[in-house]
There are 2 protein chains.
Amino acid sequence: MAKIGVLLSGCGVFDGTEIHEAVLTLLALDRAGAEIVCMAPDMDQYHVINHLTQEVMEEKRNVLVESARIARGEIKDLKDVTASDLDGLIIPGGFGAAKNLSDFAVKGAEATVNPDVKRLIDEFVEADKPVGALCIAPATLTKALSDKNPEVTIGNDEATAMAIEAMGGQHRTCAVDMIHFDDKNNIVTTPAYMLGPGIKDVAEGIRKLVDKVLELTG
Amino acid sequence: MAKIGVLLSGCGVFDGTEIHEAVLTLLALDRAGAEIVCMAPDMDQYHVINHLTQEVMEEKRNVLVESARIARGEIKDLKDVTASDLDGLIIPGGFGAAKNLSDFAVKGAEATVNPDVKRLIDEFVEADKPVGALCIAPATLTKALSDKNPEVTIGNDEATAMAIEAMGGQHRTCAVDMIHFDDKNNIVTTPAYMLGPGIKDVAEGIRKLVDKVLELTG
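Now for a look at the structure at hand.

Scoring rules and cut-offs
Residue indices follow the written sequence of each chain, beginning from 1 at its first position. Written order decides the labels, with chains lettered from A and ligands numbered from 1. Whole-chain, interface and lining totals are the exception, using all residues; otherwise, since this is a predicted model, local features are given only for residues with pLDDT of at least 70 and side-chain atom pairs are given and counted only at 80 or more. In computing side-chain properties, one takes all heavy atoms of the structure into account and sets aside hydrogens as well as water. Superposing the copies works by least squares over the C-alpha atoms of residues that have pLDDT at least 70 in both of them. Contact criterion: two residues are considered in contact whenever any of their non-hydrogen atoms come within 4.5 Å of each other. Strand pairing is defined by DSSP finding a minimum of two bridges between the two strands. To qualify as a helix, a DSSP run of H or I must reach at least 4 residues; to qualify as a strand, a run of E must reach at least 2; elements of each kind are numbered from the N terminus. Angles shown run from 0 to 180 degrees and are taken between the N-to-C directions of axes, each axis being a line fitted to C-alpha atoms and, for helices, limited to the stretch in contact. Each pair of aromatic rings taken from Phe, Tyr and Trp, with Trp reduced to its six-membered ring, is defined by centres within 6.5 Å and is described as stacked if the planes are under 30 degrees apart, edge-to-face if over 60, and tilted in the remaining cases. Either the NZ atom of lysine or the CZ atom of arginine qualifies as a charge over a ring when it sits within 6 Å of the ring centre and within 35 degrees of the ring normal.

On to the relation of the copies chain B and chain A. Rotating chain B by 180 degrees about the axis while translating it 0.0 Å along that axis superimposes it on chain A, leaving an RMSD of 0.0 Å. What the superposition gives is, in effect, a two-fold axis relating one chain to the other. Every residue of chain B has its C-alpha some distance from the rotation axis, and the shortest such distance is that of Val23 of chain B, at 3.5 Å. Interface overlap between copies: 100% of the residues of chain B at the interface are likewise at the interface in chain A, consistent with a symmetric, same-surface contact.

Residue and element names in this part refer to chain B. If you walk across this open sheet you meet the seven strands as S5-S2-S1-S6-S7-S11-S10, and the pairing is mixed. Among the strands making up the open sheet, the edge pair consists of strand S5 (75-77) and strand S10 (180-182). Direction aside, the axes of adjacent strands within the sheet are offset by 25 degrees on average. Across three bridges, the pairing between strand S6 (residues 88-91) and strand S7 (residues 131-134) is parallel. Looking across to S7, one finds that Ile90 is bridged to Gly132. Against the sheet, helix H6 (residues 137-144) contacts S6, S7 and strand S11 (187-190), and its axis sits at roughly 135 degrees relative to S7. Packed onto the sheet, helix H8 (residues 199-216) meets strand S1 (3-7), S6, S7, S10 and S11 and runs at close to 175 degrees relative to S11.

The next subject is the packing of aromatic side chains. Residue and element names in this part refer to chain A. All told, the structure shown has zero aromatic pairs over all chains when counted by the stated rule. Just above the ring of Phe95 sits the side chain of Lys99; from NZ or CZ to the centre is 4.6 Å. Lys212 extends its terminal NZ or CZ atom over the ring of Phe181, reaching a point 4.5 Å from the ring centre.

Okay, structure coming up:
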């Protein structure tokens, strides 16, 4: 049974992990018989967004604590996880992947990746273990692997695609129900809610991404 | 195209809507071609639980604002929704369904249902429109309809089943991948995470519940 890490970044599309993408990832992994290990960094969120009004709220929330909502309490602190514990890694999207796991949403191509996130991604790629990334998460993945010229997709958004190229990546246009596979780096990406439009559409690409990641675990 | 309301109660299994159950409900509705209308009451949560430690947190959160995380911002205030706007209603579980939509988790059979929740459920049943409820939500539904002797399932938990009977309902044992249909009241229920054990298991019962609710909309 493959053991797959799911790296969360909070709980909610505007300041954390996109909830549908995370749940659809867990569903596809469970249906395929994989063992799931959810994880998140123990740090304050970049900010808290009121998802009704889209305004910033004057409060602090912790990425690991909020991610635990999606994981029903079964979650590890990212700092306690290494690639040697796992066969593959998947990073769902949502702004948390570009506000908490890195600051790409704020700084674009000048982004910095959270050191523990970069460490884990580097460990997976160095061990030839597959990494999947959804939605905007491929931007953070590209920054982490900027010396490896990763090929990724975030759908077809031109500004984001240009930023990915500026960070040393190669962007490939992709439909929401499809995946892009970088066979040099063992990376699988899908646009998910960068394209939408609805949950049934993103579910298709996510299922294909999960199946490909599991296939790559051998 | 059937228009189905999804009544949320926060965002997270221990103090709000069970996230997987809500997302799987949205997925099944979207795949079946239904139009989805998410809604939640504009009120403080009963409390906020740290989902990592299960301890109560010293803060306040609003049910509608937190539910908006699951709905990606597309959500209505429950008070602005009536059964005449919709063809059916589904209430996912999680403790929010028994802490915020009612206080069943605290008071058991002596529970009180939130007045707007009771109003909406009454409107649906009086209009012969179907209502689905998952996990612990059938307890709140039973209290709302205690004069109608509703038949529901929450799986096989004896204490909860006894409380349901004490509130005027009839409890039926049911497997996680099955549903119970009360044809007298047009109510469909499934145990979901009252039984679990995993997301792929609850997905089956939820898909069947959604299909039955849509069938009942004619």
